[in-house]
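Here are the chains, one letter per residue:
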Amino acid sequence: VQLQASGGGLVQAGGSLRLSCAASGGTFSRYYMGWFRQAPGKEREFVAYISAYGGGTLYGDSVKGRFTISRDNAKNTVYLQMNSLKPEETAVYYCAATPRGMTMSRSEYEYWGQGTLVTVSS
């Protein structure tokens, strides 16, 4: 399956962005979807995931209450709504897919998008 992330950009601290990740080449509803991010000089970290039909979600501790992951299987797209953004959340955001179930481990994700850059200015 191919993944294409979009929606990144420059936003002021406290602002919002919505990222999208469009999937093609596979049966989207078979896959559990995750979002990760990687800041300069840091490891890629888990942000959120969502179950194949959207009934289950999990968030990293640092984004709970501010970010919301959702999906539209009819559009083969997963979203990440990000509110109250902080400068330290400047990173490349990646979407990823796995058929193996909900997991926070990036090694369990088989397919990755190219990433979209989010820059949060102070």
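One structure accompanies this document, and this report is about it. Values in this document were obtained by computation on a predicted structure and should not be read as measured data.

A few words on the packing of aromatic side chains. Counted according to the given criterion, the structure contains seven aromatic pairs. A ring pair is formed by Phe 36 and Phe 46, whose centres lie 5.8 Å apart and whose planes are at 75°; its orientation type is edge-to-face. A residue pair is termed long-range when its members are at least 10 positions apart, and Phe 36 in strand β4 (residues 32–38) and Phe 46 in strand β5 (residues 45–50) qualify at 10 residues. You can call Phe 36 buried: its relative accessible area is 1%. Of the residues examined, Phe 46 reaches a relative accessible area of 14% and is grouped as buried. Relative to Trp 112, the ring of Phe 36 lies with its centre 5.1 Å away and its plane at 55°, an arrangement referred to as tilted. Linking Phe 36 in strand β4 with Trp 112 in strand β10 (residues 111–112), this pair joins segments that are 76 residues apart in sequence. Arg 44 extends its terminal NZ or CZ atom over the ring of Tyr 94, reaching a point 3.7 Å from the ring centre. Stacked on the ring of Phe 28, the Lys or Arg Arg 71 has its end atom at 4.3 Å from the ring centre.

With that settled, the discussion passes to the sheet that holds strand β7 (residues 67–72). Pairing within the open sheet is antiparallel, and its four strands lie in the order β1-β3-β8-β7. What marks the edges here is a single partner per strand, and that holds for β1 (2–6) and β7. Sheet twist, expressed as the mean angle between neighbouring strand axes with direction ignored, is 15°. By the bridge criterion, five bridges tie β1 to strand β3 (residues 17–24) in an arrangement that is antiparallel. Paired with Gln 4 across the two strands is Ala 22, which belongs to β3.

Right, let's get into the nonpolar core. In terms of nonpolar packing, the biggest core is built from 30 residues, with Met 33, Trp 35, Leu 80, Met 82 and Tyr 93 touching the most fellow members. Listing elements by their share of this core, those giving two or more residues are β1, β3, β4, β5, β7, β8 (77–82), β9 (91–98) and β11 (116–121). What Met 82 contacts, discounting residues up to four positions off in sequence, is Gly 15, Ser 16, Leu 17, Leu 19, Arg 66, Phe 67, Tyr 93 and Val 118. One finds Phe 36, Phe 46, Tyr 49 and Tyr 109 within the second-largest nonpolar core, a separate group that totals five residues.

A word on the side chain of Arg 37. Positionally, Arg 37 belongs in strand β4. Look at Arg 37 and you get buried, because its relative accessible area is 6%. Of the polar contacts made by the side chain of Arg 37, one reaches the side chain of Glu 89; its length is 3.2 Å. For Arg 37, the side chain forms a polar contact with the side chain of Tyr 93, separated by 3.1 Å.

So, how was this worked out
All residue numbers refer to positions counted from 1 along the written sequence of the respective chain. Restriction of local features to residues with pLDDT of at least 70 applies here, the model being predicted, together with a cutoff of 80 or more for giving and counting side-chain atom pairs; totals for whole chains, interfaces and linings are based on all residues. Each side-chain value is worked out from all heavy atoms of the structure, with water and hydrogens disregarded. Side-chain rings of Phe, Tyr and Trp (the six-membered ring for Trp) are treated as a pair once their centres are within 6.5 Å; stacked means planes under 30 degrees apart, edge-to-face means over 60, and tilted covers the remaining angles. The secondary structure listing takes helices from DSSP runs of H or I that are at least 4 residues long and strands from runs of E that are at least 2 residues long, numbered from the N terminus. Here the term buried applies to any residue with accessible area under 20% of the maximum for its type, exposed to any over 50%, and partly exposed to those in between, with areas from a 1.4 Å probe on protein chains only. Sitting over a ring, as applied to charges here, requires NZ of Lys or CZ of Arg to be within 6 Å of the ring centre and within 35 degrees of the ring normal. Pairing between strands requires that DSSP locate at least two bridges from one strand to the other. Helix axes are fitted only over the stretch in contact, all axes being lines through C-alpha atoms; the angle between N-to-C directions runs from 0 to 180 degrees. For our purposes a nonpolar core is just a set of buried Ala, Val, Leu, Ile, Met, Phe, Trp, Tyr and Cys residues, chained together by side-chain atoms within 4.5 Å. By definition, residues are in contact when any of their heavy atoms lie within 4.5 Å. Definition of a polar contact: a pair of N or O atoms within 3.5 Å, with one able to donate and the other able to accept a hydrogen when the atoms are protein atoms, and with sequence-neighbouring residues admitted only if both atoms are side-chain atoms.

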